[in-house]
Each structure stands twice: as structure tokens, then as C-alpha cells.
Amino acid sequence: MLEKTYAPNDVEDRLYQAWEASGAFRAGNKPNAQPFTIVIPPPNVTGSLHIGHALNNTLQDILIRFERMRGKDVLWQPGLDHAGISTQIVVERQLQERQTSRQKLGREEFVKRIWEWKAESGGTINRQLRRLGASCDWSRERFTLDEGLSKAVIKVFVACHKQGLMYKDTRLVNWDPKLQTAVSDLEVESIEVKGNLWHIKYPIDGTDQFITIATTRPETMLADTAVAVHPDDDRYKALVGKRVRLPLSDRLIPIIADEYADPAKGSGALKITPAHDFNDYEVGRRHKLEAINILTLDGKINDKAPAAYQGLDRFEARKRIVSDLEALGLLEKIEPVTHAVPHDEKTKTIVIEPMLTEQWYLNVKPLAEKALAAVREGRTVFVPERFADTYFRWLENIQPWCVSRQLWWGHQIPAWYDDQGNVFVEETEAEAYAAAKEKHGRDVTLRRDPDVLDTWFSSGLWPFSTLGWPEDTPELRRYYKTDVLVTMFDIIFFWVARMMMFGLHFTDDVPFHTVYIHARVVDEKGQKMSKTRGNVMDPLVLIDEFGADALRFALAIAAAPGKDLRMGKSRVEIYRNFCTKIWNAARFCEMNECMRTANFDPTNLASTVNRWVVGELVHMRNNLTQSIEAYRFNDAAGALYEFVWNVYCDWYLEFIKPILAGHNSAQKAETRATAAWVMDEVLKLMHPFVPFITEELWRVTGEHGPKRTSMLIAADWPHYEHVPHDKEAAAEMNWVKALISEVRSVRAEMNVPPSSKLPLILKTGNGTEIEWLERHNELVLRLARLETARGGELAKGSAQIVVGDGTAGLALEGFIDFAKEKARLSKDSQKVDGEISRIDAKLGNNDFVTRAPEEVVEELREKRAEYEAQKAKLGEALKRLD
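Scope of this entry: the structure provided in the associated data block. (Residues numbered from 1 in each chain as written. Predicted model: local features only at pLDDT ≥ 70, side-chain atom pairs only at ≥ 80, totals over all residues. Heavy atoms only, no water.)

### As for unusual backbone geometry
Most peptide bonds are trans, and most residues other than glycine sit at a negative phi.
Point 1. Cis rather than trans, the peptide bond between Trp 469 and Pro 470 has omega equal to 15 degrees.
Point 2. In this fold, Pro 470 is placed in the loop between α14 (462–465) and α15 (474–479).
Point 3. Along the chain, Tyr 480 connects to Lys 481 via a cis peptide bond; the corresponding omega equals 5 degrees.
Point 4. If you trace the backbone, Lys 481 turns up in the loop between α15 and β22 (482–488).
Point 5. You will see that Lys 348, though not glycine, has its phi angle at about 60 degrees, which is positive.
Point 6. Structurally, Lys 348 is set in the loop between β13 (331–344) and β14 (353–362).
Point 7. Classification of Lys 348 as partly exposed rests on a relative accessible area of 38%.
Point 8. Phi at Asp 508 is positive, roughly 65 degrees, even though this residue is not glycine.
Point 9. For Asp 508, the location among the structural elements is in the loop between α16 (492–507) and β23 (512–518).
Point 10. Given a relative accessible area of 64%, Asp 508 falls into the exposed group. (Helix = DSSP H or I, 4+ residues; strand = E, 2+ residues; numbered from the N terminus. Buried < 20%, exposed > 50% of the residue type's maximum accessible area, 1.4 Å probe, protein only.)

### Some points on the packing of aromatic side chains
Point 1. Under the defined criterion, the tally for this structure stands at 41 aromatic pairs.
Point 2. Plain terms: the ring middles of Trp 677 and Tyr 720 are 5.9 Å apart, the flat faces sit at 65 degrees to each other, and that makes the pair edge-to-face. Residue Trp 677 is found in helix α22 (residues 665–686), and its partner Tyr 720 is found in the loop between α23 (691–701) and α24 (727–749); the two are separated by 43 residues along the sequence. This pair shows no difference in class: Trp 677 is buried, exactly as Tyr 720 is.
Point 3. Cluster of aromatic residues (ring-pair linked, three or more members): Phe 157, Trp 360, Trp 401, Phe 457, Phe 464, Trp 469, Tyr 480, Phe 502 and Phe 506.
Point 4. Arg 102 extends its terminal NZ or CZ atom over the ring of Trp 408, reaching a point 4.8 Å from the ring centre. (Phe/Tyr/Trp six-rings, centres within 6.5 Å; stacked < 30°, edge-to-face > 60°. Lys NZ or Arg CZ within 6 Å of the ring centre and 35° of its normal.)

### A few points about the pattern of salt bridges
Point 1. This model, assessed by the stated rule, comprises 61 salt bridges.
Point 2. Taking the shortest distance from any N to any O, the salt bridge between Glu 92 and Arg 102 comes out at 3.0 Å. On the criterion of sequence distance, the pair formed by Glu 92 in helix α3 (residues 84–97) and Arg 102 in helix α4 (residues 102–105) is long-range, its members being 10 residues apart.
Point 3. The exposure class of Arg 102 is buried, given its relative accessible area of 8%.
Point 4. Ionic pairing is found between Arg 824 and Asp 828, a salt bridge with its closest N-O pair at 3.5 Å. Remark: Asp 828 and Arg 824 occur in helix α27 (residues 818–843); sequence separation between them is 4 residues, near one turn of the helix.
Point 5. Judged by relative accessible area, which is 29%, Asp 828 ranks as partly exposed. (Salt bridge = Lys/Arg side-chain N within 4 Å of Asp/Glu carboxyl O.)

### A look at α23
Point 1. Taken across its 11 residues, α23 has 9 buried, putting it largely inside the fold.
Point 2. Among all positions in α23, only Pro 691, Phe 692, Ile 693, Thr 694, Glu 695, Glu 696, Leu 697, Trp 698 and Val 700 are buried.
Point 3. Lining the buried residues of α23 we find α1 (8–22), α2 (51–69), α6 (124–132), α18 (548–557), α19 (569–591) and α22. (Contact = heavy atoms within 4.5 Å.)

### With respect to the nonpolar core
Inside soluble globular proteins, nonpolar side chains tend to come together where they are buried.
Point 1. With 160 residues, the main nonpolar core has Trp 612, Phe 643, Tyr 648, Phe 655, Phe 689 and Leu 810 as its most contacted residues.
Point 2. Residue contributions to this core peak at 17 residues, all from helix α21 (residues 633–661).
Point 3. Those residues in contact with Tyr 648 that lie beyond four places of it in its chain are Ala 585, Cys 589, Val 613, Phe 643, Leu 653, Ala 675, Val 678 and Met 679.
Point 4. By size, the runner-up hydrophobic cluster in this structure holds 64 residues, among which are Phe 392, Trp 456, Leu 476 and Phe 494. (Core = buried A, V, L, I, M, F, W, Y, C linked by side-chain atoms within 4.5 Å.)

### Side note on the sheet that holds strand β20 (residues 447–448)
Point 1. Strand order across the open sheet formed by 3 strands is β19-β18-β20, with antiparallel pairing between neighbours. Pairing within the sheet leaves two strands with one partner each, and these edge strands are β19 (423–425) and β20.
Point 2. Pairing of strand β18 (residues 415–417) with β20, which is carried by 2 bridges, proceeds in the antiparallel orientation. Paired with Trp 416 across the bridge in β20 is Arg 448.
Point 3. Sheet contacts for helix α12 (residues 429–440): β18 and β19; angle to β19, the most-contacted strand, approximately 135 degrees. (Pairing = 2+ DSSP bridges. Axes fitted to C-alpha atoms, helices over the stretch in contact; angles between N-to-C directions.)

Such coordinate-based values are descriptive only and should not be taken to indicate function.
Listed below in C-alpha cells is the structure:
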């Protein structure tokens, strides 16, 4: 017996435990079936479920449950990323609270503490994914630092070194002065801050003239090695080749011509600091300039700078330098500016410095060529297709990858050095010592490289290392290549491209045949979610309030390809109501004794309404299946919503009420069986999207009728090839629907009181439509709130409705004031015209369209389309009154 209301909090944990205990999530249960594999983008071990995770994993779970029901041997490979920087920060903070540090503990003890932290607190997000309903094969959970994956990482590093692809070089990197490590571009966030643009006069050697440059970082002028001007800038052509005397440092540096200098910006002259700016570094390489590093690894001025500034923190040095320049009369002006400054992405408090350091690099260009070819040849496709352009753009311009990090948590680089600086890269320490002995002819002492690998290095091996590579395992042979990767556009280069490169290089196959790129989740106004805006949505709070199914469905139905997902609490509430709707429909069936029968045959039905609903179900199932296969999750969810809410609940159940209350026992029995069968099929089709409520309804409705042979999660996806499409039933019942809908629409447009029952006349030359009206007269009268409904000539003063081949007339005389309604509708139409004009003025303003955020412009276009639809509707209403 179904409870009056569905209570997700009482159901979800129980059902998830039952699924897991049943082995439903495990791969390998169908050894003769076609495999289907997804590897989860491994969340950070430090992470907690955010709304982006909720979207990403909901979409993956829809695919996994769908293919599982289609009979495939499904593997959804879960796991966690060791998240080098994030994890080290977490544990270092704990140590600070205890008045100690990793330096005091030493490397071995510090790493031991991190493993202890992981055992106690790591993996919270996996527990949270269970709350979302993620049906991963948890028995196969992997960790990027576990023994097997570590073996794969070491093997790849050593192989790349022996192939001449891995090497050490001194180049400019993003440097975190607090953690004292190189960081990737993804770990750097540009934050708008208020600062100054200092205009500094550089004396031209041998003259009393100056050339003025402007900078937001005057402390770096201590490392300048040139001033650049554009070669076509007539103001400075005569100065190219001359030298300036660098203020405060008293060094002579050249004036060079380079197209990087923009004559339209500032004075048109640039200070060039190759060791502390990425663009300047490239200029320096072109002109063979010296790169002078004036910063220590912790962000202080080093001994390469004038003595007056040595030892100062970089920002304290900035103040001192500005003061000294002012005293020398070399500070032309100070201009307040708001500019983007790179910060660490984790705490957003540390300013990242471009720093010249020696690091390990991987030459990825040969790997990139294979990865580019694989997508161009169609071996891997992007959905939406336009994201392939992003992939191509990055890989065509790829640079050597800095893979080393100055951390203690991660895969330590398998490189050992002797006292002479020779490096031995081997898979084990014993092999390194053997290689050193072979070189020197004797035993020597070696020290291991202290650096660890970039976290993205191990993540790049994820699709095949999780399946046992480098061993030739049964899992690797069966489940690789994987089928689809579901991820977001911002890591196409950092992760997708690297998996493609490593997969092709080490397995000779692509890691997945499809890359589905979903958009980001934004708030209801289209703004990016952030703590500072206060618009962050916690998925766990939403699950607590509305249930996991409501959140899942809200995310899926909003997941239009390539468009930001607008999400707010109200939207989740809407789909909680959708879940309530299906629950209430099941209760209606139960109360009206609509029970499953053993030999129900949907192809052998006498009643038109039953043949119609079966046909609509078949149509919906086909659209739904095609949409999921094409990764159109919003269309798939929309098809479900339309059928369940509109066709089944609002129409079919209303249509059959007279039958269920009537005395025709055969018709009643058939209708009860049909209603129950359709409900059963709906539960199967909805299950990938809303697994909890459907599984609970499957369980409770299974208490009556034939015994269930499995839980819903293990049921077969419906197939209806044997069910013919009944065109006659569809035409008849859809005509009845259309007539009732149009009458309701006119009543609402004309403000007809709900209690008023109107007469309706149908004028048509189609005798079949008259038969339909007569056959379903009771339904039409009840659902359209009519007094009568018959064929005949239209009365004067009728509101006309086109339906099918005929025209229906609603006699409104005496029910509404025609003049008053015309005036109201005209006023509303004028108001809508005004709104359209206001939007057109904005969209017609090129300056506005250029400056406004893309989401604001898109919202205006959507709003305009809504107003146009309103205008058309009002126009139709006015025509009816003519």
C-alpha cells in the first residue's frame, strides 16, 4: 500500500544499500554481453559534492543505468585523485593549528600524516555521490596513488625519458611563493584588484632625454634587460639600438624593436623582464636577452638586485622602489587602475609569480600529433561538435609540459643523481644504482629527485591505468577503450587532451570514442556561482529538502547542449512536484484497482483510449531512447515530463475515470490492466533519471499481481517493436485533447468565470469529427466545463476555435462583456509591444551587445521570444472577438 506522500529521506538510503548489496552496480555480471564503460572524472580526495559534480555525475548515471537496462555489461569506474596541492594544503593547515610544520616533521613523517588523514577524512565526496544515486562499481574503486596506478605512472615517466621525450630545462613557470612549487595554469585564478600603473622615466644613455614606461609591478624593474618599442613606431625609430640606464640598478640595457610593443598602449614603450613575465620571456628569447631572476623562491628580493632591496618581501620592495624613484624625480605619474592579478586558485590569497626555475618537461608535440589525427579521423568525436575546435586549437599550439612539482605529496619522480649531476631515470632504486654502477664501473651514492609529478600526469593515464595497465589484465582487454567521457569544457586541454595523448601513445588506441562536454551550472539570473556573490547552491541541502530525484531531473532537463544550466531552488521544487505527480498517479491506480495482469497484451485492446495511450507511450519511448543515445539529455527528460505529466496524468487518467466508475466490466478490466501496464513501463523509462522513486514504486506496486523477477535497476529497457502504431486511435483522442485544450484556453483568455458552463457548436464537413464529439461528449462537457457540445451552425457572437477540419464556436454572449474584453486585450497587447521595443533598443545597440555579459544578451533574446509568443496569443484572442 502506497503512503499518501512520497518521503525521499525515508527511502533513498534504504534503496541505495539494497542496490549495492544486490551486486547491481558490479561489472562482469553479463560476461557474454557487449561491454559499456565510463571512467568517472576522479574528484579530488579533499573534495565535497558541488552542483557541478551533481550535474556531471547525474548525466553519467543516466547513461550507465540506461545501458545496464539495455543488457550491456556496464562498468562505471570510480576513484579519487590524490590532488597534490589541495591535499598538502589541508594537512599543512592542520599542522599549523598544532604549532608544527611539514619541515619540522620531515618528508617521510609528513606523507605518513597525509595517508592517515586520507583514511579518516578523505573520500567524503564518494559518500556524497551515493546520496545522489550514482551507481558506480565501488568494488573497483581506485586512487591515483594506489600501488597499481603508481606503477603505471612510473612506467610512463621512465618510458618517456628513454624515448627522449622527458627532459630537464630552465624555463618560466607559474610559481606559488607560499607553497614554493610550480603550479599549472588551471591552479591559477586571475582576480580583479585595485592597483596602480606607475609611469617611470628611464634615462637614455648619453642624453638628457627619457623614455617612459608604465608598469603595475615596479619591483620587477630590477630584473629588466631591455626596453621594447614597435618597429613601425615613428616616435622611437631613432632610439632603437641605443641604451637606457636602468633606474636604481645603474645597468645599461638596450632599446629593441619588437612587434609585441603596442604603440596605442601607454607610451608605446615596454620594459622587458624575461625572468618575471611570460610574454617578456618570449621577447627575450627572440632577442637573446639575459634573464635575471631577482626573487627567491619565497618571494623575497635576492642578491641579484641592488643591496638596498635584498631580503625585502616583493611587496615591501615595491613600496621602497616607488619611494626611491619619486625621490630621484623619475616617477612621472601614478594612475589608479583595476587589473587582473594571478592568484593561487585554492586560497585566492597568494599572488602567483612567473619564476625562472629548473623543472622536468615532457615534449608532448609528437603525442599531440596522434591525438589530433584521432579526432580528425573520427575515432573520437566531441559532442557538441564545436568543442573539437577548442581541442584542435590547444593541441596545434602545444608547448612542452612542465610535469614536476615541488611538493611532498604525489608520485615522486623516479630520477636519481650522482655527485657529478648525472641523472639515472629508472623504475626502481635498484635499477638506478645498477645503471650508475655500469656508468662508473663502481658503486656510487645516489640521491633521489625530491620533486613529485603534476597531478594531471597520473590523471592522464586514468582510463587504462584503472583497468590494470601496464599489465595485460582481463579488465583492460574487455573494457578498454571506454565508451564516453562526460566532462566540462574547461579541462579539455588539461585532462581530455592528455588522456588522448597518453592513451594513443601507450595503448595504440583512443581512450574513449565520445567526449560529451556539458556546460556549467549558473544561477537563475545566468551568473556564475561564487561564495562572494552568495549564490552557491549546495546539492546536499537540495537533496535534503527535495530528494535526489528532484535534483537529478532538474539538472537533466536543463542540460541543453552547449548552454549554461540556469539553476535555482524553485526549479528543483518544480521537479519535486513532478515526482509527486507520478506518486499520486500510482496511488490513483492503486485506489482504482489498476493492477498488473499476467498476460497483458498491448497489441490487443478494444478501447480507443487505451490504444491511444499505448501508442503515445511507444512514441515517447522512441524519442527518449534516441535522445539519450544522442546525449540530448534535456530532450530526453522533456519527453518523459511531457508524457508523464501531460499525456498520462492530466489526460489519460482523466479520460478513464468514467470507465473506472462505470458498469462495463470488460472495458473496466482492460482499462485497469492498461493503466497498470503503462505505469510499469513508465517506471522503467524514468528510472535512469529518477532512480529512487521509481524503484520504490516498483517495489510497492509489485506487491500485487505477478511476482517481480528483479529490482527495477536490473529490469530490461522496454522494446515495442511488436506494438503497431494505431493512427485512428491517435487521431481521435488527440482531436478530443485539442478541442478541450482550446476551449480551456479561450475561457482563460476571455476571463470566463470557472462556474459558467458554455454551449459549444462544432461546424465541420468531416463526419468523423462529429462522431468523435458524440462518442466523447461526456468527457468534453466535463473537462471543458460546457453545457452542451453538438454539431451545427455557429451562433453570432461566438468565439471561434479551429480544431482539426472544423471550427468550434463558444457562445460567449451573456457570459463576458465583449467591449471590455477587447479593450483589456488591446491594452495588454500594447504593453507587450512596449516591452519588445525596449528589448529591441538594447539589442540594436552594438555598444551594449559588445559590453554586456553573454548570458545577459541571451536572456534578453529569450525574453523577446516569450513576448512575441504572448503577442501572438493576444492577437488570436482579439480575432476571436471580431
